[in-house]
Amino acid sequence: MHSVENDIGSATFTVTLFVTAPCLLLLLFLFRRRGKQANIPPGPPRWPVVGNIVALIRAGKQPDVLFKQWADRYGKILTVSNGERMIVALSDFDLIMEMMHHPSAQGRAKSAVSTKSYGEGQGIATGGGDIWKQQRKFALDLFRKFGVGKSTFENIVTKEAQTLLDEFRKTQRRPMEVSFIFSMAGCNIISGVVFGQQLSYDDPKLLQTVKTVLEFFQQGGPGGAYYSSNILASLPSGPGKKILNTLKILGADWSKQIDLHEQKVLDMITGEAENFTEAWLLKMKENGDTPSFNRVNLLWNLKELYFGGTETISSTMRWAFLLLMTHQDVQRRCQAEMDKIIGRERDPCLADQCNLPFLNATMEEISRIGSVLPLGGPHLAEEDIELGGYHIPKGSLIVANLHLLHHDPELWDDPYVFNPERFLDEDGNFSKNQANIVFGVGKRSCIGRELARMEYYLWLSHVLHRLDLCVPEGTIPPSIHKAQTGFNRIPEDFEVCVVERDD
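Residues numbered from 1 in each chain as written. Predicted model: local features only at pLDDT ≥ 70, side-chain atom pairs only at ≥ 80, totals over all residues. Heavy atoms only, no water.

Identification of the chain as Cytochrome P450 2G1 from Holothuria leucospilota is taken from an unreviewed UniProt entry. You can read under Cofactor (unreviewed entry) in the UniProt record for the chain the words "heme". (UniProt positions renumbered as here; feature names shortened; annotations may be inferred.)

So this is what it looks like as structure tokens:
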């Protein structure tokens, strides 16, 4: 009997394989043939249902290496798939600029993970249409009113810079890892913007928020594939489930904060909102729930502001520390420039920045080498469009491969060499290069760019003005060209020694 059952099972498996294998191959053939007929950009073979997800997962923390291999083979406009959507990746400057300004390429694909976490909504970074336009105008007007990114906001960012210096000095020359402390600083600034509170670095609430935000970034997978895939988000267990739980933890905490501010707003007779959440709730109090301004959309926006404001600046500063401690000549030149312009009796301020061309050039070069947002923010084709002579169907995602763009030998001499002088003109003045895209361009450019620029300049200038960054004795720092890439692109783990400068 046992032998008969085995024979039947073997026969069943053989028949199933005989029937399904040709069907899968036929689907793959038709999928690829349809792409050729539609004149879509070339790309690696894509399997039905899963597309190129398996290749991305196998790439692990280095999907940028995989995308370079694909670009070398298929060109500066290529097509891959996450199993649900066609993804067109661009690494040509002119095509990227055309796409970022194209009126029919300004959409965003909605994440099933966020929808399951907070409900059917959208935020400034993920929304589209009139709702997105209204929310973006609201946020930009509010940031201008609060002085975010301007001199009126400078004291808040400078205070955080002084706190960072105090934390670094506590190490007393011992090697330290810096990413968490910069995440704390970034998260604290955003907490002030959205809830009107900045906390000490040992506050359990701040520590827990930063820890949970970082868990989200760690769970995102290569290129954020686990977060963006609706298939993975729908599985009962696995990476999508972990991200869902992380977002729910953050959402529960933010909801408590919203409740506290909501009561304050309800009690207002007259008065001005003091932070983003109060301004949003005040708008709801005046107009009631609208498709643009309601509690669900507020949660979506808090998520986007916290994530964008916590980890992007932390990743940038992490690259800055690695590059400067391994290029002492650049670090010394930045310090000498500040000593000459600022002196040693006072701290750097925002007004000094225009007189520090080499420091500005160094910051630009750090951003180019680091490419902390290697694929930028994915754009959604809202209609059929043409790019580079190819047909891009409606519903496709279009991403700018900024890491490849920033290392294109046709645009940059010796692109893998860290050389701030590439951003100086022949007279030694700072000269920005349009191909160094950090915050995006066009209508989808980052709304927090002015705040991020202020943080980057003030924090780095304060550190270099007072401290030296050194490689710990007996250690070998990681390569500046090898990174870990999830949502953001960060260097491999390293430690740094922070030493007080001699006056």
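## Some words on the UniProt feature "transmembrane region" (unreviewed entry) in the chain
Look at the UniProt record and you will see "transmembrane region" (unreviewed entry) annotated at residues 12–31 and 178–196. Annotated as 89% helix and 0% strand, the span residues 178–196 places its first and last C-alpha atoms 26 Å apart. (Helix = DSSP H or I, 4+ residues; strand = E, 2+ residues; numbered from the N terminus.)

## So, the UniProt feature "binding site: heme" (unreviewed entry) in the chain
Mapped onto this numbering, the UniProt entry gives "binding site: heme" (unreviewed entry) at Cys446. Summarising the element assignment, cysteine 446 is placed in the loop between helix 17 (402–405) and helix 18 (449–466).

## Considerations on the pattern of salt bridges
Enumeration over the complete set of coordinates arrives at 28 salt bridges. A salt bridge links glutamate 262 to arginine 295, with the nearest nitrogen and oxygen atoms 3.3 Å apart. With glutamate 262 in helix 12 (residues 239–267) and arginine 295 in helix 14 (residues 295–325), this pair connects stretches of sequence that are 33 residues apart. Of the residues examined, arginine 295 reaches a relative accessible area of 26% and is grouped as partly exposed. (Salt bridge = Lys/Arg side-chain N within 4 Å of Asp/Glu carboxyl O. Buried < 20%, exposed > 50% of the residue type's maximum accessible area, 1.4 Å probe, protein only.)

## Regarding the nonpolar core
Core analysis: the biggest nonpolar cluster contains 121 residues, and Phe168, Phe276, Phe321, Ile398, Trp459 and Leu460 have the highest contact counts within it. Broken down by element, the residue count for this core peaks at 16 residues, all from helix 14. With near-sequence residues (within four places) excluded, leucine 460 lies in contact with Met317, Ala320, Leu324, Leu359, Met363, Ile366 and Glu455. Listed in part, the 14 residues of the second largest apolar core include Leu66, Trp70, Leu78 and Leu397. (Core = buried A, V, L, I, M, F, W, Y, C linked by side-chain atoms within 4.5 Å. Contact = heavy atoms within 4.5 Å.)

## With respect to the sheet that holds strand 2 (residues 86–90)
Spatially, 4 strands are ordered 1-2-6-3 in an open sheet, and the strand pairing comes out mixed. A single partner strand is all that each edge strand has here, and the edge strands are strand 1 (77–81) and strand 3 (379–380). Direction of pairing for strand 3 relative to strand 6 (residues 397–400): antiparallel, over a ladder of 2 bridges. Bridge pairing in strand 6 places histidine 379 opposite isoleucine 398. Against the sheet, helix 3 (residues 63–74) engages strand 1 and strand 2, with an angle of about 130 degrees to strand 1. Against the sheet, helix 4 (residues 93–101) touches strand 1, strand 2, strand 3 and strand 6, its axis set at about 130 degrees to strand 6. (Pairing = 2+ DSSP bridges. Axes fitted to C-alpha atoms, helices over the stretch in contact; angles between N-to-C directions.)

## What about helix 3?
An ideal rise of 1.5 Å per residue puts 16 Å on 12 residues; helix 3 measures up with 16 Å between its terminal C-alpha atoms. Among the residues making up helix 3, those that are buried are Pro63, Asp64, Leu66, Phe67, Trp70, Ala71 and Tyr74. Looking straight down helix 3, one finds that the buried residues subtend no more than 155 degrees of arc, so they occupy a single side. Of the exposed residues in helix 3, those oriented more than 90 degrees away from the buried face are Asp72 and Arg73. If you follow the buried residues of helix 3, they end up packed against helix 2 (53–59), strand 1, strand 2, helix 17, strand 8 (483–485) and strand 9 (489–491). Downstream of helix 3 by one or two residues, glycine 75 has phi in the positive range, about 110 degrees. (Expected span 1.5 Å × (residues − 1). Arc of directions from axis to C-beta.)

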